[in-house]
Amino acid sequence: MAALNVGKLRESVLRRSPVTQGLCAFVLLVNILGQFPICYDYLALEPGATLPSQSKLWMLITGGYVEWSFLLALVDIVVLLYASNLFEELWTTIEFAKFVLITNFIACVCTSATFIFLYMVTFNLSFLFHHFSGMTALYAAFLVAFKQSYPQVTLRAAGLALEARLLPLIFVSVLVVLYAIGLLRGANVLLAGYGVFSSWTFLRFFSVRDGAVGDVTEAMAFPDFFPAALQPIIALIGARIYKLLVLVHICPLGGPATSPVKLPVVTDADTERRKQLALRDLTTRLAATPSTPAQIAPLAEVIAAPDKAAGTS
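Note that this is a predicted model, so its numbers are computed, not measured.

*Asks:* What should I look at first to understand the overall build of the chain in this one?
*Replies:* When helices and strands are tallied, the chain shows twelve helices and four strands. Here the analysis covers contacts within the chain between residues at least 6 apart in sequence; of these, 68% occur between residues at least 24 apart. Element-wise, carbon and sulfur atoms account for 71% of the exposed surface of the chain, whose accessible area totals about 16900 Å².

In structure tokens:
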């Protein structure tokens, strides 16, 4: 059975684009090497080793992909393949690769910087010289991407209804609980949090789709990641974070969103993207619910109505 599963995994990899195959091959390679303890110590993230005195900067790249268990590495590859299936067609292969590499790298850099800062405050050497690794940041980033691409989807499992827009918050919250009861290391919580923020920043301000830079839709406003009761507070915090990102030249002033809440301009590309999301949503719901042609016809008229109105105006 294990051999059969590995065979199916191999077939799935071969059906993907060369870029995704390369990402999977890299994950597989670093995890094969990582099964040897001496190699794992050189591949996993060690905050102190990234300082100028040691300059093992490759850890900021490899640390986001190597796992302590090879079984987890196979899970990572499956997740990567599933994500490529969801997003490559929507984004293009190059944009998908940029998303994976940039968000994971930034999350690793920020997590290492946080531990270095904690050492500077506490002088506790354990913050500098412990190893951590894994694709936790990418898991969180993929949930943000899922929220962007399928904002109206509700997932149902075990009697629970989970809104796509809240999946990143739920994921981070679960990790916080696991950390609080001692089942998870704090580094994983940091990786997940920075994975959410780095992926949101990339998709909101820098991603390129259909000639448009960034995503100005309401679905990608930062407060929309939280329940309605918390959104006013998050909006205030988000506005200050945005100003800080502009100040350090990470986000452009007057870019796709001058505020994490209010959106200034909607381009033709954004309008088309919204239309495609709505059509995809409708297709998904119709596929899940048996419908007759008589039921579908009024829905088609509703979708076509704006275009007809535009043509007569």
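Structure shown, so let's carry the discussion forward.
*Asks:* Even after reading the chapter, I still don't get the state of the cysteines, so can you show me in this structure?
*Replies:* One way to say it: the disulfide is the covalent bond shared by the sulfur atoms of two cysteines. Counted according to the given criterion, the structure contains zero disulfides. No disulfide involves Cys 108; its sulfur sits 9.5 Å from the nearest other cysteine sulfur, which is in Cys 110.

*Asks:* Please explain the nonpolar core as it appears in this structure.
*Replies:* Among soluble globular proteins, nonpolar side chains are generally buried collectively. In terms of nonpolar packing, the biggest core is built from 51 residues, with Phe 87, Phe 96 and Phe 142 touching the most fellow members. Mapped by element, the contributors of at least two residues to this core are helix H2 (18-34), helix H3 (37-43), helix H5 (70-91), helix H6 (93-122), helix H7 (136-149), helix H8 (167-180), helix H9 (186-206) and helix H10 (231-247). Setting aside residues up to four positions removed in sequence, Phe 142 forms contacts with Val 79, Leu 80, Ala 83, Phe 87, Phe 96, Phe 99 and Val 100. Among the nonpolar cores identified, the runner-up in size contains eleven residues, and Ala 49, Leu 60, Ala 107 and Ala 187 belong to it.

*Asks:* Sorry, what's going on with the packing of aromatic side chains here?
*Replies:* How two aromatic rings sit relative to each other is given by the distance of their centres and the angle of their planes. What the rule picks out here adds up to 20 aromatic pairs. Judged by centre distance (5.6 Å) and plane angle (20°), the rings of Phe 205 and Tyr 242 are stacked. Here Tyr 242 lies in helix H10 and Phe 205 lies in helix H9, a separation of 37 residues in the sequence. Here the two residues Phe 205 and Tyr 242 agree in accessibility, since each one is buried. Over the ring of Phe 225 we find Lys 147, and its NZ or CZ is 4.7 Å from the ring centre.

*Asks:* I'm lost on the packing of H7 against H8 in this one. Help?
*Replies:* Geometry of a packed helix pair, given as the angle between the helix axes and the separation of the axes. Here H7 crosses H8 at 155°, and the two axes come no closer than 8 Å. Taken as axis vectors, H7 and H8 run roughly antiparallel relative to one another. Residues Thr 136, Tyr 139, Ala 140, Leu 143, Val 144 and Phe 146 of H7 touch H8, and the partners they reach there are Leu 167, Pro 168, Phe 171 and Leu 175. Of the residues assigned to the contact of H7 with H8, the class counts are nine nonpolar, one polar and no charged.

*Asks:* What exactly am I supposed to notice about the environment of Arg 240 here?
*Replies:* Of note, Arg 240 is situated in helix H10. Looking at Arg 240, its side chain comes within polar contact range of the main-chain oxygen of Leu 236, at 3.1 Å.

*Asks:* How should I be thinking about the pairing of strand S1 (residues 154-157) in this particular structure?
*Replies:* In regular strands, side chains alternate between the two faces of the sheet. By the bridge criterion, four bridges tie S1 to strand S2 (residues 160-163) in an arrangement that is antiparallel. Its bridge partner lying in S2, Leu 155 is registered against Leu 162. Taken together, S1 and the strand that follows it, S2, pair antiparallel across an intervening segment of two residues, in which Ala 158 is found at a positive phi of about 50°.

*Asks:* Honestly, the confidence of the model for the chain in this entry has me stumped. Any pointers?
*Replies:* Reading predicted coordinates in detail is not appropriate for stretches of low pLDDT. For the chain, the average pLDDT comes to 82, and 78% of its residues sit at 70 or higher. Ignoring residues within four places in sequence, the model shows residues 306-310, a span with pLDDT below 50, making one contact including any to other chains.

*Asks:* Explain the pattern of salt bridges here, please?
*Replies:* Counted according to the given criterion, the structure contains three salt bridges. In this structure, Asp 224 and Lys 147 form a salt bridge, with 2.9 Å as the shortest nitrogen-oxygen distance. Taken together, the residues span a long stretch of sequence, with Asp 224 in the loop between strand S4 (212-213) and H10 and Lys 147 in helix H7 at a distance of 77 residues. Between Arg 165 and Glu 163 there is a salt bridge; the shortest N-O distance is 3.0 Å. Of the residues examined, Arg 165 reaches a relative accessible area of 16% and is grouped as buried.

How each quantity is defined
Residues numbered from 1 in each chain as written. Predicted model: local features only at pLDDT ≥ 70, side-chain atom pairs only at ≥ 80, totals over all residues. Heavy atoms only, no water. Helix = DSSP H or I, 4+ residues; strand = E, 2+ residues; numbered from the N terminus. Contact = heavy atoms within 4.5 Å. Areas by Shrake-Rupley, 256 points an atom, 1.4 Å probe, with all protein chains shown as cover. Disulfide = S-S within 2.5 Å. Core = buried A, V, L, I, M, F, W, Y, C linked by side-chain atoms within 4.5 Å. Buried < 20%, exposed > 50% of the residue type's maximum accessible area, 1.4 Å probe, protein only. Phe/Tyr/Trp six-rings, centres within 6.5 Å; stacked < 30°, edge-to-face > 60°. Lys NZ or Arg CZ within 6 Å of the ring centre and 35° of its normal. Axes fitted to C-alpha atoms, helices over the stretch in contact; angles between N-to-C directions. Parallel < 35°, antiparallel > 145°, perpendicular 65-115°, else oblique. Nonpolar A, V, L, I, M, F, W, Y, C, P; charged D, E, K, R; others polar. Polar contact = N/O pair within 3.5 Å; in protein donor to acceptor, adjacent residues only side chain to side chain. Pairing = 2+ DSSP bridges. pLDDT = per-residue confidence, 0-100. Salt bridge = Lys/Arg side-chain N within 4 Å of Asp/Glu carboxyl O.

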